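Examination of the molecular architecture
The residues making up each chain are set out below.
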Amino acid sequence: MQTIVCYARMPGLLARAVCNNHVHSTASPVVVVEGSLVRDRCPLAAHGGIRIGEPMSRARRLCVPLLAVALADVDTQVTASLSTRFLDVLAAHTPIVEPDGPDAAYADFTGGPVPDLATLT
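First, a word on what this report is: a plain description of the structure on this page. (Residues numbered from 1 in each chain as written. Predicted model: local features only at pLDDT ≥ 70, side-chain atom pairs only at ≥ 80, totals over all residues. Heavy atoms only, no water.)

**Points about the overall build of the protein chain**
- When you go through the protein chain residue by residue, the secondary structure sums to 4 helices and 6 strands.
- Along the protein chain, from the amino end to the carboxyl end, the secondary structure elements read β-α-β-β-α-α-β-α-β-β.
- In the protein chain, buried positions account for 36% of the 121 residues.
- Accessible surface, the protein chain as shown: approximately 6900 Å² in total, 56% of it carbon and sulfur. (Helix = DSSP H or I, 4+ residues; strand = E, 2+ residues; numbered from the N terminus. Buried < 20%, exposed > 50% of the residue type's maximum accessible area, 1.4 Å probe, protein only. Areas by Shrake-Rupley, 256 points an atom, 1.4 Å probe, with all protein chains shown as cover.)

Here you go:
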């Protein structure tokens, strides 16, 4: 039997938690920062060319009105709710799901069909 373990990540989950907190105007692009790197981004920031993993200095040059929120400042209650929904979608396809942070998980599809992960959202 072939072992199939997939790493699934939900881009935008952390940025959505910031937006759901109603702390800022949703017209501003939002990124979540871990250290000096972009950890997550909203669709508006993605449209502006900001990529996950790039330095904040470059992100600021690409988008001056950018709202940057430290990962530690993201509301954990909102994040937990979104993370639970994400993990529930994975768990509907396999009983073995191992979270890897609030926006990612490993899912074991050994012995079963692997769904198209892009359609799980």
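Now, onward.
**Overview of helix H4 (residues 76–91)**
- For H4, with 16 residues, the first-to-last C-alpha span of 21 Å sits near the 22 Å given by 1.5 Å per residue.
- Taken together, the buried residues of H4 touch strand E1 (5–9), helix H1 (13–20), strand E5 (97–99) and strand E6 (104–108).
- If you check the start of H4, you find a side-chain oxygen 2.9 Å away from the backbone N of Gln77, and it comes from Asp75. (Expected span 1.5 Å × (residues − 1). Contact = heavy atoms within 4.5 Å. Polar contact = N/O pair within 3.5 Å; in protein donor to acceptor, adjacent residues only side chain to side chain.)

**Some remarks on the nonpolar core**
- Within the largest apolar cluster, 30 residues are counted, with the highest numbers of intra-cluster contacts made by Val31, Ile50, Met56, Leu66 and Phe86.
- For this core, the secondary structure elements donating two or more residues are E1, H1, strand E2 (30–34), helix H3 (56–62), H4 and E6.
- The element that contributes the greatest number of residues to this core is H1, accounting for 6 residues.
- If we ignore the near neighbours within four places in the chain, the residues touching Val31 are Val38, Asp40, Arg41, Ala45, Ile50, Met56, Leu66, Leu67, Ala68 and Val69. (Core = buried A, V, L, I, M, F, W, Y, C linked by side-chain atoms within 4.5 Å.)

**Details of the packing of H1 against H4**
- At a minimum axis distance of 9 Å, the contact between H1 and H4 shows a crossing angle of 135°. Between H1 and H4, the interaxial angle falls into the category oblique. Every pair of crossing elements has a handedness; the one defined by H1 and H4 is right-handed. Together, Leu13, Leu14, Arg16, Ala17 and Asn20 of H1 and Val78, Thr79, Leu82, Ser83 and Phe86 of H4 make up the contact between the two elements.
- Grouping the constituent residues of the contact of H1 with H4 by class yields 6 nonpolar, 3 polar and 1 charged. (Axes fitted to C-alpha atoms, helices over the stretch in contact; angles between N-to-C directions. Parallel < 35°, antiparallel > 145°, perpendicular 65-115°, else oblique. Left-handed = near helix turned anticlockwise from the far one by under 90°. Nonpolar A, V, L, I, M, F, W, Y, C, P; charged D, E, K, R; others polar.)

**A few points about the sheet that holds E5**
- The sheet built from 3 strands is open, its strands ordered E1-E6-E5 with antiparallel pairing. Whereas interior strands pair on both sides, the edge strands pair on one side only; in this sheet they are E1 and E5. Mean inter-strand twist for the sheet, computed between neighbouring axes without regard to direction, equals 20°.
- One ladder, built from 5 bridges, connects E1 with E6; its direction is antiparallel. Opposite Val5, over in E6, you have Asp108 as the bridge partner. (Pairing = 2+ DSSP bridges.)

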